[in-house]
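Breakdown of the fold
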Amino acid sequence: MTYIVANWKANKTEEEARTWIEEIGNIIFTNEIPDNKKIIICPTFSTLAILKGYILANNLPMHLGVQDISRFKKGAYTGEIPAEILDKNIEYSIIGHSERRQNFGEDDETLQSKVKNAKEKSIKPIFCVQNEDNLIPQGVEIVAYEPIEAIGSGKPDSPDNAEKIARLIKERNPEVKVVLYGGSVSEKNVKSFSSKENIDGVLVGGASLDSSSFFSIIREC
Ligand code: PGA
């Protein structure tokens, strides 16, 4: 199985999200997606319902995830979105993205709580690490290796180095079954990563915002 995960970050109005999903839906209606490609879209919370409605109504072969999950349970936590209140169609959550570690001070303890809360609600964490030494909490099966210098810079890691790190992550963490590469993935370089033995797919930021670039990545990987 090859995973292709879109991370929209803090982008897209409701109208833009609707246009994106309609565009990609139209491409998918005429271009079958092979069963061995798992497509996971992680939009903003404010556009999730739009994507969900369209994906379910049109039976699109796409799964939904969120970009973060609360470390708290439901209750008096203004502004938070805990796992318990997410719709059952949300199957995945990115956890520990470097932008959250940097901008929101998320540490190992916080990330462990987030993983635990996600798993209690059967949401699969896509746990982001910047190197092979980052702590990976118990119960994580999907990891995304994303070196900070490669994110949004147009300068991806070398496929050989990414493969080496992916192998080390799997060797050191026997629970981890899937390692994705993320950082400046494009339709031009995606195959060089996804074809590596220990890399099981990609996490795509900037290039996922445009429906045709994202579909090209799906096609090429
Ligand atoms: P990028 O972002 O593809 O824009 O480099 C990847 C990510 O941060 O998940």
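First, a word on scope: everything that follows refers to the structure included in this document. (Residues numbered from 1 in each chain as written. Predicted model: local features only at pLDDT ≥ 70, side-chain atom pairs only at ≥ 80, totals over all residues. Heavy atoms only, no water.)

1. Here's the deal with the pattern of salt bridges
For the structure shown, the criterion picks out 13 salt bridges. Note that Asp68 is salt-bridged to Lys114, the shortest N-O span being 2.7 Å. You can see Asp68 sitting in the loop between β3 (63-66) and β4 (90-95) and its partner Lys114 sitting in helix α4 (residues 108-120), a full 46 residues away along the chain. For Asp68, a relative accessible area of 13% translates into the label buried. A relative accessible area of 4% places Lys114 in the buried class. Residue Glu106 is joined to Lys114 by a salt bridge in which the shortest nitrogen-to-oxygen separation is 2.6 Å. Where salt bridges share partners, they join Asp68, Arg100, Glu106 and Lys114 into one cluster. (Salt bridge = Lys/Arg side-chain N within 4 Å of Asp/Glu carboxyl O. Helix = DSSP H or I, 4+ residues; strand = E, 2+ residues; numbered from the N terminus. Buried < 20%, exposed > 50% of the residue type's maximum accessible area, 1.4 Å probe, protein only.)

2. Digging into the nonpolar core
One finds Ile21, Ile41, Met62, Ile169 and Phe214 to be the most contacted residues of the largest nonpolar core, which totals 53 residues. With five residues, the single largest contributor to this core is helix α1 (residues 14-30). With sequence-adjacent residues up to four places away left out, Met62 is seen in contact with Ile21, Ile24, Ile28, Ile39, Ile41 and Ile55. Tyr3, Ile94, Cys128 and Leu180 belong to the second largest nonpolar core, which has 13 residues in total. (Core = buried A, V, L, I, M, F, W, Y, C linked by side-chain atoms within 4.5 Å. Contact = heavy atoms within 4.5 Å.)

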